[in-house]
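As a plain string of letters, each chain reads:
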Amino acid sequence: MIKLIAIDMDGTLLNESHLITNKVKKALHEAIEAGIKIVLCTGRPLKAIYPYLEELEMAQEEDYVISLNGALIQKTNTQEIVYKQTLSHEDLAKIEKLRQDVAEINFSFFDETHYFYTGEPTEVLKYDAHLLGMELNSMSVQELPEDRTIYKSMFVGEEAVLDHFVEHIPEFISEDYYPIRSLSYVFEVLPKHANKGTALLGLAKELGFEREEIMAIGDGENDIDMIEAAGHSVAMGNATATIKKAAKYETKSNEEDGVAHAIYEWALNQNA
């Protein structure tokens, strides 16, 4: 019996217009009414998730969200942090050096509420900030106040430029951190133990749920740990080949209400 459903946002919960369709909303509400806990599990920071949480009425007591690709778990009603993985300022300085003089790529990083970046803002960076509904804050690592806690860093650039950049990433990044190509234009470097799967299992344990009681739904490479962690894993129809291979089930695409189909088919045992 499914008691917890972890759902990625971009490419999964949201369609290509970054909206939650009425059919998906209906399925989510029916799952909640059936006693199933819904947890959004995303690379977005909480600020870029909150409008959707309010739309879904999921900013209530005992609602949780896994953000920044597993670096943070927060209660949605109070924003209280219940789990975190962080990057030190020394980590940021070490990671930023990888960019060197590649002007076409921005280095950026997040605390709980701010989207910081270095270099001249590229059009891709501006697009990403617009997508998240966040203001860009120019800030060098050296200028970052000591009391700022950073949870995630990333390199943002055009796909072809980033492809070349990623090919030359030194081995210590994989050894000391958790690197992931979350989007075609985003390469993230997270704290070593920050990923969606670890965060999901930690939250499930805290809530008293077993692995076999968890369903995870995702589409992208940053969902792989979550897909592998859940007892019931679902790849979106638009998912990458890696995710489809790792998942137990495959649903429809995000343009075809795939999340609703998955909930009805494998959580509520209805015909979608």
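Our subject is the structure that appears above.
A quick note: this is a predicted structure, and the numbers were derived from the prediction, not measured.

A.B. asks: In this structure, what is going on with the overall build of the protein? I would like to understand it.
C.D. replies: For the protein, the helix and strand inventory stands at 10 helices and 14 strands. Over its C-alpha atoms the protein spans a radius of gyration of 18 Å, differing by no more than 12% from the 19 Å that the globule rule assigns to 272 residues. Oriented by its inertia axes, the alpha-carbon framework of the protein measures out at about 55 × 35 × 30 Å. Looking at the protein as a whole, 55% of its 272 residues qualify as buried.

A.B. asks: Sorry if this is basic, but what is going on with the layout of surface pockets here?
C.D. replies: Remark: the empty space left among the atoms is shown by a probe the size of a water molecule rolled over them. Its boundaries defined by the atoms lining it, the largest pocket holds a volume of some 590 Å³. Breaking the lining of the largest pocket down by element, the ones donating at least two residues are helix 4 (123–132), strand 9 (152–156), strand 10 (177–183) and strand 11 (186–191). For the lining of the largest pocket, the element with the most residues is helix 4, which contributes four residues. Considering only residue class, the lining of the largest pocket consists of 11 nonpolar, 13 polar and 11 charged. Taken as a whole, the second largest pocket holds about 170 Å³ of empty space. Contributing to the lining of the second largest pocket are Lys 97, Leu 98, Gln 100, Val 102, Val 161, His 164, Phe 165, His 168, Ile 169 and Pro 170.

A.B. asks: How should the side chain of Asn 222 be read in this particular structure?
C.D. replies: Mapped onto the fold, Asn 222 is located in the loop between strand 12 (214–218) and helix 8 (224–229). At 2.8 Å, the side chain of Asn 222 and the side chain of Asn 69 are in polar contact. Ignoring sequence-local partners within four residues, the contact set of Asn 222 consists of Gly 43, Asn 69, Ile 180, Ser 182 and Lys 196.

A.B. asks: Looking at this model, I keep getting lost on the environment of Gln 142. Mind explaining?
C.D. replies: Along the chain, Gln 142 falls in the loop between strand 8 (136–138) and strand 9. Along the primary structure Gln 142 and Asp 257 are separated by 115 residues, whereas in three dimensions their C-alpha atoms are 45 Å apart.

A.B. asks: Before we go on, may I ask you to explain the sheet that holds strand 12 in this structure?
C.D. replies: Strand pairing within a sheet occurs via backbone hydrogen bonds; the two strands may be parallel or antiparallel. Taken in spatial order, the eight strands line up as 5-4-3-2-1-12-13-14 in an open sheet, and their pairing is mixed. Here the strands that pair on one side only, and so sit at the sheet edges, are strand 5 (81–84) and strand 14 (249–250). By the bridge criterion, four bridges tie strand 3 (residues 64–67) to strand 4 (residues 72–75) in an arrangement that is antiparallel. Looking across to strand 4, one finds that Tyr 64 is bridged to Lys 75.

A.B. asks: Teacher, can you tell me more about the pairing of strand 12 here?
C.D. replies: Each regular strand shows side chains that alternate between the opposite faces of the sheet. Counting buried positions over the five residues of strand 12 gives five, a clear majority of the element. As paired elements, strand 1 (residues 4–7) and strand 12 share four bridges and run parallel to each other. What sits directly across from Leu 4, in strand 12, is Ile 214. Examined bridge by bridge, strand 12 and strand 13 (residues 232–235) share four bridges and lie parallel to one another. Each residue of the ladder has a partner; that of Ala 216, found in strand 13, is Ser 233. Tracing the backbone out of strand 12, into helix 8 and back to the parallel element strand 13 gives a crossover that is right-handed.

A.B. asks: What is the right way to read the sheet that holds strand 10 from this model?
C.D. replies: Read from one edge to the other, the open sheet built from six strands follows the order 8-7-6-9-11-10, with strand pairing classed as mixed. Edge positions in the open sheet fall to strand 8 and strand 10, since each of these has one partner strand only. Ignoring which end each strand starts from, the neighbouring axes of this sheet average 30° apart. Pairing analysis gives five bridges linking strand 10 to strand 11, with the strands arranged antiparallel. Its bridge partner lying in strand 11, Tyr 177 is registered against Pro 191. Docked against the sheet, helix 4 engages strand 6 (106–110), strand 7 (115–118), strand 8 and strand 9, running at close to 175° with respect to strand 7.

Scoring rules and cut-offs
Residues numbered from 1 in each chain as written. Predicted model: local features only at pLDDT ≥ 70, side-chain atom pairs only at ≥ 80, totals over all residues. Heavy atoms only, no water. Helix = DSSP H or I, 4+ residues; strand = E, 2+ residues; numbered from the N terminus. Rg over C-alpha atoms; globule rule 2.2 N^0.38 Å. Buried < 20%, exposed > 50% of the residue type's maximum accessible area, 1.4 Å probe, protein only. 1 Å grid on protein atoms, 1.4 Å probe; cavity = no way out; pocket = protein on both sides within 12 Å on 5 of 7 lines; lining within 4 Å. Points joined across faces, edges and corners; volume = space filled by probe spheres on them. Nonpolar A, V, L, I, M, F, W, Y, C, P; charged D, E, K, R; others polar. Polar contact = N/O pair within 3.5 Å; in protein donor to acceptor, adjacent residues only side chain to side chain. Contact = heavy atoms within 4.5 Å. Pairing = 2+ DSSP bridges. Right-handed = clockwise from strand over helix to strand, strands pointing away. Axes fitted to C-alpha atoms, helices over the stretch in contact; angles between N-to-C directions.

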